Amino acid sequence: MLFSVGFGYFYTTSQDQQILQNAQRQNSNFLGQKNQENLYVLANLGSDASLTFSVNNTGIATVLVGYFITDQTGNVVQYKTGTSTNPSSCSASSASTIPCALNAGSSATIDPSPSITYTLGGYYTIRVLTERGTTIVGTYPTQQLSENSLNTFVASGLGSLEMIFSSFSFYNYSSTGSPNWTVNLTSAQNAAITPFNKPIVLSAQVTNDDPSGGTIIVSSHTNLWTFLSCGSGCGQQAYLSFYVMNVGSGGNITSTTYGSYVPIQIPYGATKTIYFGSNCDLSTSSCSYSYQSINDAVSEHDVFMIFSGTMVSANNATLYSQNLPYSATFTSDNIASYSESPTTCGNGSSTSFSLKLTNSKWTPSGDGINQVVVQASTFNPPLVQPLPPAGWTVSVSSGTITWNAISSTYYILPGSTLSFSWGGTAPVVNSGTQFTFVSAATWSAGTILSQPIVTGCYVG
Amino acid sequence: MMIGITLAVGFAAWAWARGAAQNSELNFGNAVGTNINYLKENFEVVYVNFSSSATQSATVWIYNNGNTTVYIKQIWISNVTSSFSQTFTNLNSTKTSQFNCYCLQVHSQTVASITLSLTSPTVFASGVVYQFKALGVYGNTNTFQQTR
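Residues numbered from 1 in each chain as written. Chains lettered and ligands numbered in written order. Predicted model: local features only at pLDDT ≥ 70, side-chain atom pairs only at ≥ 80, totals over all residues.

### Let's talk about the overall build of chain A
Thought 1: Helix and strand content of chain A: two helices and 32 strands.
Thought 2: Scored against the burial criterion, the 460 residues of chain A give a buried share of 35%.
Thought 3: Restricting the contact set of chain A to residue pairs at least 6 apart, pairs at least 24 apart contribute 67%. (Helix = DSSP H or I, 4+ residues; strand = E, 2+ residues; numbered from the N terminus. Buried ≥ 20, exposed ≤ 12 C-beta atoms within 10 Å, placed from the backbone. Contact = placed C-beta atoms within 7 Å.)

Below, the structure written as C-alpha cells:
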C-alpha cells in the first residue's frame with residue numbers, strides 16, 4: 001500500500017513541481033532578456049521633407065513588431081504592427097518592413113508608408129515596439145542631448161527638464177486689470193537686465209529630456225522666483241515669486257482666477273515657453289491675478305525655477321518636482337538696448353560701423369543717456385570720425401571713441417533711439433577671429449548710471 | 001473468515017489512501033496549472049489614442065509578448081485620481097466559452113486593438129491624465145497612462 005500510493009503521489013507532485021519550475025525559469029529568462037534590450041530611435045527628414053527614422057540596437061538581438069507615430073496633439077498619424085514569427089531581417093541601407101529582425105549592433109531604417117510630410121512647426125513622437133514588449137521613444141525634431149550625456153545629467157540630479165538660458169526674457173503688459181490682463185509679447189527683451197519695481201512677465205523655454213520618455217504636466221504651484229543675496233543683511237530678503245500662468249497666442253492671460261489655470265503639458269522632447277507673472281498660486285482659493293515685480297532692490301538677483309506637477313510615463317504616473325537654478329538678472333532703473341552692424345568684417349579691411357542705441361521705456365522719464373563710449377583699439381580708429389549725431393561731440397583717444405551730448409536737450413530720452421557711426425580698420429588675422437568692443441552707455445541721472453553695451457565683429 | 005476480514009479492511013484502507021492521494025495530487029496539479037498559466041500570460045498595453053472626432057472614444061493597442069494566446073477579459077479606464085472610472089467587459093462580440101467572457105483575444109507575438117467609448121455624457125477631457133488597465137483571464141494586469 002505504501003509503495004503503490006506513496007510512490008504515485010510523490011511521483012506526480014514532483015512532476016508538477018518540475019513543470020512549474022520550468023515555467024518560472026522561462027519567465028525569469030524572458031524578463032532578463034527584456035532588460036538586456038537597449039535601442040534608440042533617431043528621426044530625420046528625407047530629401048522630400050518626409051519623415052523617416054532609424055532604430056539602432058545597442059542591446060541583444062530583437063524583432064521590431066510595431067511602431068506608432070503621433071503628432072503634437074497626441075493623435076496617431078500612422079502605425080504599423082505585425083507578428084514576430086519568422087520575420088525578415090531589418091535593413092539599415094534601405095527601407096525595412098515591420099516586423100523585422102534586428103541583430104545586436106545593427107540599425108534599421110524605416111520609411112513610414114504612406115509618407116508623412118513634415119511641416120514647419122510640427123512635432124512628431126515615434127514609439128517603436130519590440131517582440132519582448134519594450135517601447136522605445138524618439139522625436140522629430142529632436143532636442144535631446146545624447147543618451148550618454150543625458151543619463152549623466154539625470155544621474156547627477158539635475159532632473160528631466162532642461163532649461164535654455166538664452167530664452168530668458170521679460171515683457172510688459174499691454175493691458176492690465178481683470179479680465180483683460182494681456183502680455184505685450186512683442187516687447188520681449190533679454191532678462192539679463194530687468195526693470196526695478198515695474199509690472200513684468202518673465203518667460204523661459206524648457207525642454208523635457210526625461211529618459212523614460214515621460215510627459216511632464218506643469219501644475220499651478222510652479223513658479224520662477226528671484227532672490228537678492230544678502231542685499232540688506234542675510235535673512236531679510238524678499239522671495240519674489242512669479243507664478244506660472246496660461247498665455248494665449250495674442251498674449252491674453254487666460255488664468256486669472258482660482259482654478260482657471262490649465263496644466264501645461266511638456267511631452268518628451270518638446271520645448272515649451274513657460275510664462276511667469278502671477279503674484280499668487282492660481283490653485284489657492286484667495287488668488288486673483290495681479291502682477292508681480294522685482295521690487296526689493298536694484299541689484300543682482302539669483303533666479304530659480306521651481307517645477308511642480310506630474311510625470312506620466314508609459315506605465316506609471318508620479319508626482320514630479322524640480323528646482324532649476326536657472327539664471328540671474330540684474331535689476332536696474334535704467335535699461336538700454338542696442339545693436340551694431342556689420343557683425344562680420346573683411347580681413348584687414350576698412351569698416352564703417354553703425355551703433356544703434358535705445359534708451360528703453362523702462363527707464364524713468366528724467367534719466368537720459370548723455371555719453372557713449374566704444375573701446376575699439378583693435379580696429380585702430382582714426383582720429384577723424386564720421387560726424388556725430390546733432391547735439392553730440394565725438395573724440396578719439398588711444399583707440400577709444402567717446403560721444404558726449406552737448407546739453408540735456410540732446411540726451412537720449414526713454415523710448416528714443418540714436419545712431420552713432422564710427423570707422424576703423426580690421427586687423428589682419430591668419431584665421432577667423434571674433435573681436436569685441438567693450439562699450440558703455442551712461443545716464444545723466446538714476447541709480448544705475450552705466451550699462452555695458454558690448455559689440456563685436458568677426459574678422460576672417 | 002479472519003483472512004477475509006483482514007483483506008476487506010486492507011482493501012478499504014488502501015482505497016481510502018489512494019483516493020486521498022489522488023485528491024491531493026489533483027489540487028496540487030490545479031494550483032501548479034494556475035501558476036503556469038499566470039506566468040505564461042504576458043501582454044503590454046503599448047499605446048492609447050484619443051479620437052479627435054469622437055471625444056468619448058479611445059483606441060487601445062495591446063501586444064502579446066508571450067507564447068500563448070492571451071484573453072483580456074476587462075479594461076478599466078480611470079483618471080489618475082480615480083475620481084472617475086468605467087469598466088469594459090464586453091470586449092468581443094463572440095463569447096469565449098472557455099472562460100465564460102467576451103474577451104479580447106490577442107494571439108502570441110501580435111498586436112490587437114480595440115476602440116472603447118465612454119458611457120454618455122462622459123468624455124475624455126483635455127489635459128487630464130487617464131489610466132488604462134487591462135486584466136487577463138489568469139489575473140495579470142498591465143497599466144498604461146496617457147494624457148489627452
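Read on for the rest.
### Quick look at the overall build of chain B
Thought 1: The helix and strand tally for chain B stands at one helix and eight strands.
Thought 2: Along chain B, helices (α) and strands (β) appear in the sequence α-β-β-β-β-β-β-β-β when read from the amino end.
Thought 3: Partitioning the contacts of chain B with sequence separation of at least 6, the portion at a separation of at least 24 is 60%.

### Quick look at the interface of chain B and chain A
The parts lose accessible area when they come together, and the size of an interface is often stated as this lost area.
Thought 1: With 32 residues of chain B at the interface, the matching set in chain A holds 39 residues.
Thought 2: Those elements that provide at least two residues to the side of chain B that touches chain A are α1 (2–40), β1 (44–50) and β8 (141–147) of chain B.
Thought 3: Looking at which element gives the most residues to the side of chain B that touches chain A, the answer is α1 of chain B, with 14 residues.
Thought 4: Among the residues making up the side of chain B that touches chain A, the classes are represented as 16 nonpolar, twelve polar and four charged. (Nonpolar A, V, L, I, M, F, W, Y, C, P; charged D, E, K, R; others polar.)

### What about the nonpolar core?
Thought 1: In this structure, V55, L64 and Y67 of chain A together with I62, I72 and F132 of chain B are the most contacted members of the largest nonpolar core, which totals 54 residues.
Thought 2: Considering each element in turn, this core owes the most residues, six residues, to strand β3 (residues 62–70) of chain A.
Thought 3: Excluding anything up to four places from it in sequence, Y67 of chain A contacts Y79, K80, I98, I110, I126, R127, V128 and L129 of chain A.
Thought 4: In this structure, W181, L202, V312 and A317 of chain A belong to the second largest nonpolar core, which totals 39 residues. (Core = buried A, V, L, I, M, F, W, Y, C linked by C-beta atoms within 7 Å.)

### Brief notes about the pairing of strand β10 (residues 161–171) of chain A
Thought 1: Relative to strand β15 (residues 201–208) of chain A, β10 of chain A runs antiparallel, the two sharing seven bridges. Bridging across to β15 of chain A, F170 of chain A finds its partner in L202 of chain A. (Pairing = 2+ DSSP bridges.)

### Focus on α1 of chain B
Thought 1: Relative to the 57 Å expected for 39 residues at 1.5 Å per residue, α1 of chain B spans 56 Å between its end C-alpha atoms, a close match to the ideal helical length.
Thought 2: Little of α1 of chain B is tucked away: two of the 39 residues are buried. (Expected span 1.5 Å × (residues − 1).)

### Comments concerning the sheet that holds strand β25 (residues 350–359) of chain A
Residue and element names in this part refer to chain A.
Thought 1: Read from one edge to the other, the open sheet built from three strands follows the order β23-β25-β29, with strand pairing classed as antiparallel. Strands at the two margins of the open sheet, each flanked by one partner only, are β23 (336–341) and β29 (417–425). Adjacent strand axes in the sheet meet at a mean angle of 20 degrees, parallel and antiparallel pairs treated alike.
Thought 2: The sheet contact formed by β25 and β29 spans nine bridges and is antiparallel. The residue of β29 that forms the bridge with T351 is G424. (Axes fitted to C-alpha atoms, helices over the stretch in contact; angles between N-to-C directions.)

### Description of the confidence of the model for chain B
Thought 1: Looking at chain B, the pLDDT average stands at 86 and 98% of residues meet or exceed 70.
Thought 2: The complex prediction reports pTM at 0.55, with the ipTM value standing at 0.79. (pLDDT = per-residue confidence, 0-100.)

### Description of unusual backbone geometry
Thought 1: With an omega of -5 degrees, the peptide bond running from S341 of chain A to P342 of chain A counts as cis.
Thought 2: With respect to the helices and strands, P342 of chain A occurs in the loop between β23 and β24 (344–345).
Thought 3: The amide bond that connects S120 of chain B to the next residue, P121 of chain B, takes the cis arrangement and shows omega of 10 degrees.
Thought 4: Following the sequence through the fold, P121 of chain B ends up in the loop between β6 (111–117) and β7 (129–136).
Thought 5: Located in the positive-phi region is A49 of chain A, a residue other than glycine, with phi close to 65 degrees.
Thought 6: On the secondary structure map, A49 of chain A appears in the loop between β1 (39–45) and β2 (51–57).
Thought 7: Judged by the 12 C-beta atoms lying within 10 Å of it, A49 of chain A falls in the exposed class.

### Some points on the sheet that holds β2 of chain A
Residues and elements named next belong to chain A.
Thought 1: Strands sit in the order β1-β2-β7 across an open sheet of three strands; the sheet is antiparallel. Of all strands in the sheet, those bounded by a partner on one side alone are β1 and β7 (107–110). Strand-to-strand, the axes of this sheet are offset by a mean angle of 20 degrees, without reference to chain direction.
Thought 2: Pairing of β1 with β2 involves seven bridges; the strand directions are antiparallel. Considered in β2, the bridge of A43 is made with F53.

### Let's talk about the pairing of strand β18 (residues 239–245) of chain A
Residues and elements named next belong to chain A.
Thought 1: Sheet analysis places strand β17 (residues 223–227) next to β18, joined by five bridges and oriented antiparallel. Residue pairing for β18: L224 is matched across the bridge by F242.
Thought 2: Bridge count between β18 and strand β20 (residues 271–278): three bridges; the pairing is antiparallel. Residue pairing in the sheet places M245 in a bridge with Y275 of β20.

### With respect to the environment of V32 of chain B
Thought 1: With respect to the helices and strands, V32 of chain B occurs in helix α1.
Thought 2: Not counting residues up to four positions away in its chain, the partners in contact with V32 of chain B are D16, I19 and L20 of chain A.

### Concerning the environment of V454 of chain A
Residues and elements named next belong to chain A.
Thought 1: On the secondary structure map, V454 appears in the loop between β31 (450–452) and β32 (455–459).
Thought 2: Separated by 17 residues in sequence, V454 and F437 have C-alpha atoms that sit 5.7 Å apart.
Thought 3: Residues within four places of V454 in sequence aside, it is in contact with T436, F437, V438 and S439.

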